[in-house]
Amino acid sequence: MKKILSVDVGATFVKYGIFEDEKILLKGKFKTSNKPEETFNLIFKIAQKNKVEGISLGIPGIIDMVSGVINKPPNLPLWDGFNVKDFFSKRGFTNLEVLNDANMAVLGVWKYGEGRRCKDLVVLTLGSGVGGGVIVNGKLLLGKNFAAGELGHVIINVNGQLCRCGNRGCLEAYLGAQYFSQNAFYLSKKLNSKLAKENHLEEITPEIVYKYALKGDKGALKAFEEYAYYLAVGCVNFINIFSPEKIVFVGGISKSFHLFSRYFFDFLNNMLSYGQRVEIGVEKKEDISLWGGLVLLYDNSWK
Ligand SMILES: [Zn+2]
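Residues numbered from 1 in each chain as written. Predicted model: local features only at pLDDT ≥ 70, side-chain atom pairs only at ≥ 80, totals over all residues.

## Remarks on the overall build of the protein
Thinking step 1. A tally of helices and strands in the protein yields 10 helices and 12 strands.
Thinking step 2. Its C-alpha radius of gyration of 20 Å places the protein within 12% of the 19 Å reference for a compact globule of 303 residues.
Thinking step 3. Each principal axis of the C-alpha distribution contributes one length, and for the protein these read about 60 × 45 × 35 Å.
Thinking step 4. In the protein, of all internal contacts separated by at least 6 residues, the share reaching a separation of at least 24 is 63%. (Helix = DSSP H or I, 4+ residues; strand = E, 2+ residues; numbered from the N terminus. Rg over C-alpha atoms; globule rule 2.2 N^0.38 Å. Contact = placed C-beta atoms within 7 Å.)

## Examining the domain arrangement of the protein
Thinking step 1. Here the protein is partitioned into domain 1 (4-106 + 287-298) and domain 2 (116-282).
Thinking step 2. On the side of domain 2, 14 residues touch domain 1, which itself brings 12 residues to the contact.
Thinking step 3. Every element with two or more residues in the side of domain 1 that touches domain 2 is listed here: strand 5 (62-63) and helix 3 (101-112).
Thinking step 4. The residue makeup of the side of domain 1 that touches domain 2, split by class, is eight nonpolar, two polar and two charged. (Domains from an automatic or database assignment. Nonpolar A, V, L, I, M, F, W, Y, C, P; charged D, E, K, R; others polar.)

## A look at the pairing of strand 8 (residues 121-126)
Thinking step 1. The buried count for strand 8 comes to six of six residues, which makes it a mostly enclosed element.
Thinking step 2. Burial along strand 8 is two-sided: the residues L121, V123 and T125 and V122, L124 and L126 are all buried.
Thinking step 3. Two elements, strand 8 and strand 9 (residues 130-136), share six bridges in a ladder whose sense is antiparallel. Bridge pairing links T125 to G131 in strand 9. (Buried ≥ 20, exposed ≤ 12 C-beta atoms within 10 Å, placed from the backbone. Pairing = 2+ DSSP bridges.)

## Quick word on the nonpolar core
A general trend in soluble globular proteins is that nonpolar side chains are found buried together.
Thinking step 1. With 87 residues, the main nonpolar core has V106, V123, L175, A184, A220 and Y227 as its most contacted residues.
Thinking step 2. Among the elements that make up this core, the one with the highest residue count is helix 8 (residues 218-242) (12 residues).
Thinking step 3. Counting contributing residues, this core receives three or more from each of domain 1 (4-106 + 287-298) and domain 2 (116-282).
Thinking step 4. The contacts of Y227, once residues within four sequence positions are left out, are L175, F180 and F260. (Core = buried A, V, L, I, M, F, W, Y, C linked by C-beta atoms within 7 Å.)

## What about the sheet that holds strand 7 (residues 96-100)?
Thinking step 1. Taken in spatial order, the five strands of this open sheet run 3-2-1-4-7, and their pairing is mixed. Looking at the sheet topology across the chains shown, the edges are occupied by strand 3 (23-31) and strand 7. For this sheet, the mean inter-axis angle between neighbouring strands, taken without regard to orientation, is 15 degrees.
Thinking step 2. Inspection of the sheet shows strand 1 (residues 4-9) paired to strand 4 (residues 54-59) by five bridges, in the parallel sense. Paired with S6 across the strands is S56, a residue of strand 4.
Thinking step 3. The sheet contacts of helix 1 (residues 36-49) involve strand 1, strand 2 (13-20), strand 3 and strand 4, and relative to strand 1 the element is tilted by about 155 degrees.
Thinking step 4. In this fold helix 10 (residues 288-298) packs onto strand 1, strand 2, strand 4 and strand 7, with an angle of close to 125 degrees to the strand it touches most, strand 1. (Axes fitted to C-alpha atoms, helices over the stretch in contact; angles between N-to-C directions.)

## Re the sheet that holds strand 12 (residues 279-282)
Thinking step 1. Read from one edge to the other, the open sheet built from five strands follows the order 10-9-8-11-12, with strand pairing classed as mixed. Two strands in the sheet have a free side with no partner beyond their single neighbour: strand 10 (139-140) and strand 12.

## Digging into the packing of helix 3 against helix 10
Thinking step 1. The contact between helix 3 and helix 10 brings their axes to 7 Å, and the two run at 85 degrees. Judged on the interaxial angle alone, helix 10 and helix 3 are roughly perpendicular. Facing helix 3, whose interface residues are D101, M104, A105, V106, L107, G108, V109, K111 and Y112, helix 10 presents I288, S289, W291, G292, G293, V295 and L296.
Thinking step 2. Looking at the contact of helix 3 with helix 10 residue by residue, the class counts come to 10 nonpolar, four polar and two charged. (Parallel < 35°, antiparallel > 145°, perpendicular 65-115°, else oblique.)

## Description of the environment of E283
Thinking step 1. Structurally, E283 can be placed in the loop between strand 12 and helix 10.
Thinking step 2. A residue is classified by how many C-beta atoms lie within 10 Å of it, and E283, with 21 of them, is buried.
Thinking step 3. Remark: the alpha-carbon pair of E283 and F249, spanning 34 residues in sequence, is separated by 6.1 Å.
Thinking step 4. For E283, the contacting residues outside a window of four places in its chain are V109, G113, E114, V248, F249, V250, S254 and I288.

## Regarding unusual backbone geometry
Thinking step 1. Despite not being glycine, K51 shows a phi value in the positive range, around 50 degrees.
Thinking step 2. Following the sequence through the fold, K51 ends up in the loop between helix 1 and strand 4.
Thinking step 3. Its identity is not glycine, yet N75 carries a phi of approximately 70 degrees, on the positive side.
Thinking step 4. By secondary structure assignment, the location of N75 is in the loop between strand 6 (70-71) and helix 2 (84-89).

## Observations regarding the pairing of strand 9
Thinking step 1. Within strand 9, six of the seven residues are buried, which leaves the element mostly enclosed by the surrounding structure.
Thinking step 2. For strand 9 and strand 10, the ladder comprises two bridges, and the chain directions are antiparallel. Bridged to V136 within strand 10 is K139.
Thinking step 3. The loop that links strand 9 with its antiparallel partner strand 10 comprises two residues; one of these, N137, has a positive phi angle of about 50 degrees.

And the structure:
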């Protein structure tokens, strides 16, 4: 395997790794610019400096793998319609693959992570938003417009919380970091626990809620219990549709799974019918999206 650059483009930060022979040689990150040209210029310079043979890019939004056009990336309005493949080919660089960022993480989980060798796999990324992807019979589910696997926008409550996509009651509207943190604050107020007394609403993050939950804060624990409920509702839907061997959680909030797993399995087992069984995993390997970039460039078996 040759030297490659694998890049996970987020709305806030771009993370990258240089790989050679399935080893990370170096890693780095920089701030994402609102202007796509600025961001991809930096990526191009990193590729040149490190003399890489290929680049793989995971990008938020609906990414046309064939043409290289980015559609509707959340929080990056100026990126809509930008053609990544054109940008690099104009600079003489053609060994390049692009994919939706959550799907790139799915490929990493499937080949190098907790979902290794699963023929049927669901991956959920639990961060500021909720992303995901699905492997069906060993193939990544892409759909007609490369837009399949938007698991965070499955509607679980038709009159529910407003989601940033404009709909009400999406799974993401309950599992997103912002909702979770706010909910923890209000629950803490209601239950008269320390979290809301010692923190302002705007300052609360899932990490802070986690710290308080470890100390037994009632509001923080209740927030995790509710989180477990909505996560279980989402998973029951995915199990009923895809019947996966395994569901793997990735991303920030997945690291707290040990705190709420008992509630999660109680809710899940109560809702599962028809004797379905599924394994649940939490991804432990760091930079799993960047590992997905290796699969994107060198392994076609998932296509
Ligand atoms: Zn939504």
